[in-house]
Amino acid sequence: MSDEVVIRVEKLGKRYRIRHQQQGGMRYKALRDVLADRTKSVGRRLWSLAKNQKAESGKQKSVEDFWALKDVSFEVRQGETLGIIGRNGAGKSTLLKILSRITEPTEGRVQIKGRVASLLEVGTGFHPELTGRENIFLNGAILGMTRAEIRQKFDEIVAFAEVEKFLDTPVKRYSSGVYVRLAFAVAAHLEPEILIVDEVLAVGDAIFQEKCLGKMKAASRSEGRTVLFVSHNMGALQSLCSRAVLLSLGRITFEGKVQDAVSYYMRAHEPKAMVDSFDGCARQGTGEARIVNVRFEDDQSNPQTHFRMGEPLNIVVRAHFSTEIYNPIFGVNILTDTGI
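Calculation criteria
- Residues numbered from 1 in each chain as written.
- Predicted model: local features only at pLDDT ≥ 70, side-chain atom pairs only at ≥ 80, totals over all residues.
- Heavy atoms only, no water.
- Pairing = 2+ DSSP bridges.
- Helix = DSSP H or I, 4+ residues; strand = E, 2+ residues; numbered from the N terminus.
- Axes fitted to C-alpha atoms, helices over the stretch in contact; angles between N-to-C directions.
- Contact = heavy atoms within 4.5 Å.
- Expected span 1.5 Å × (residues − 1).
- Bend = angle between axes of the 7 residues up to and from the residue.
- Buried < 20%, exposed > 50% of the residue type's maximum accessible area, 1.4 Å probe, protein only.
- Core = buried A, V, L, I, M, F, W, Y, C linked by side-chain atoms within 4.5 Å.
- Phe/Tyr/Trp six-rings, centres within 6.5 Å; stacked < 30°, edge-to-face > 60°.

Chemist: Outline the sheet that holds strand S7 (residues 226-230), supporting the account with residue identities and numerical values.
Modeler: As summarised here, the arrangement of the six strands in space is S5-S6-S7-S3-S8-S9, forming an open sheet in which the pairing is mixed. Edge positions in the sheet fall to strand S5 (116-119) and strand S9 (251-257), since each has one partner strand and no second. Put simply, the sheet's adjacent strands are angled 15° from each other on average, direction ignored. Where strand S6 (residues 194-197) and S7 come together, four bridges link them in parallel fashion. Bridging from a neighbouring strand, Val197 pairs with Phe229 of S7. Contacts from helix H7 (residues 206-221) reach strand S3 (81-85), S6 and S7, with the element oriented near 145° to S7.

Chemist: With reference to specific residues and values, describe helix H5 (residues 147-161).
Modeler: Counted at 1.5 Å a residue, the expected span for H5 with its 15 residues is 21 Å, and the 20 Å between its end C-alpha atoms agrees. For H5, the principal kink sits at Lys153 and spans about 40°. What H5 keeps buried is the set Ile150, Lys153, Phe154, Ile157, Val158, Phe160 and Ala161. In the core, the buried residues of H5 are packed alongside helix H4 (132-142), helix H6 (176-189) and H7. Directly after H5, the chain includes Glu162, whose backbone phi takes a positive value near 55°.

Chemist: Lay out H4 in plain terms, naming residues and giving numbers.
Modeler: For H4, the full list of buried residues reads Gly132, Asn135, Ile136, Phe137, Asn139 and Gly140. Those residues of H4 that are buried lie in contact with H5 and H6. Of the residues trailing H4, Gly144 is marked for its positive phi of about 90°.

Chemist: Hey, could you go over the nonpolar core for me, with residue numbers and the actual values?
Modeler: Counting residues in each nonpolar core, the largest one holds 51 residues, and the members touching the most others are Ile85, Ile136, Leu182, Phe184, Leu201, Met216 and Phe229. Considering each element in turn, this core owes the most residues, 10 residues, to H6. Excluding anything up to four places from it in sequence, Leu182 contacts Phe126, Gly132, Ile136, Ile157, Ala161, Val163, Val171 and Tyr174.

Chemist: Account for the packing of aromatic side chains, with residues named and values stated.
Modeler: This structure, assessed with the given rule, holds eight aromatic pairs. On the numbers, 5.9 Å between centres and 65° between planes, the contact of Phe160 with Phe208 is edge-to-face. With Phe160 in helix H5 and Phe208 in helix H7, the pair connects residues that are 48 residues apart, well separated along the chain. Phe208 matches Phe160 in its accessibility class, with the two residues each being buried. Ring centres 6.4 Å apart and planes at 75° place the aromatic pair Tyr174 and Tyr179 in the edge-to-face group.

Chemist: How would you sum up the environment of Ala188? Please name residues and give values.
Modeler: Looking at the secondary structure, you find Ala188 in helix H6. Look at Ala188 and you get buried, because its relative accessible area is 3%. A sequence separation of 69 residues divides Ala188 from Leu119, and the C-alpha atoms of the two residues are 9.4 Å apart.

Chemist: Lay out unusual backbone geometry with the relevant residues and their values.
Modeler: Residues apart from glycine generally show negative phi values, whereas peptide bonds are mostly found in trans. Of note in the backbone geometry, Lys11 takes a positive phi value of approximately 50° without being a glycine. For Lys11, the position within the fold is in strand S1 (residues 5-21). If you check the backbone angles, Ser301 has positive phi at about 65° while not being a glycine. Residue position: Ser301 is located in the loop between strand S11 (289-297) and strand S12 (314-321).

As structure tokens, then:
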């Protein structure tokens, strides 16, 4: 990692105006409102009439300022991999859109040195009517590359994305997984100095996600490129990133080593390691024994909610026996988030 700062964010803020319908007002825009909006320059009298009617019937709207980002400042050095952590609505995507020059900040400033490639959502930078082949050249041109430079990387992009069969098919017919494969391959191989990747990689399968992580590691450690990575997968963040920024309600609440940031996030937002109430649960059996609580522990007997691949996991069950039972058996059923 170089000492050269390639991204500098200073006092960044992004404000959105949210309009609320006051109680008693309509939840939709009436035809007279549309006509009034379209004929301001033609008939001021119609506009005044519509405005008065709205006021009389209590159909006024209130406006609220919502700050998606407020007073955000940090720096990223060349070759660094920075993770951005936060719950849904914390401001992560807004921050990446500003860094990608998709939207303008309300206040503060951003300085970026180098060519930026972004992968923020399925279809970013792709034209749905064009084929995969045409979109590769289109994205390269957007990044400022010549056709000769794109041709030099073309075979490598196609091989990485595994889209040889669909190369001359309009991308609007691609599945979301194939779409993301090609989009990431283009963003990662067309030699940007800065690569910005949002949670969009979660659309791909597990094997391709590992492939993408490997490519981003190589881009950062071997090629000296800077990577900004947003993910809810704490394992992937810790594997790829050296440092992380934690956002909460549009503000930075922690900045430091990725392991420390993940630990801080877990403590602040994740549920308790113990289930101590089974009120309302459907129970089966004769009732001679009843489970009182269940908790997860690490190998040091510390309560914990998250465990990485290969770490020991202890499930501790406390039960009350109303009578003596010989050789009781405890069973644990573990489900994935899809119910398997």
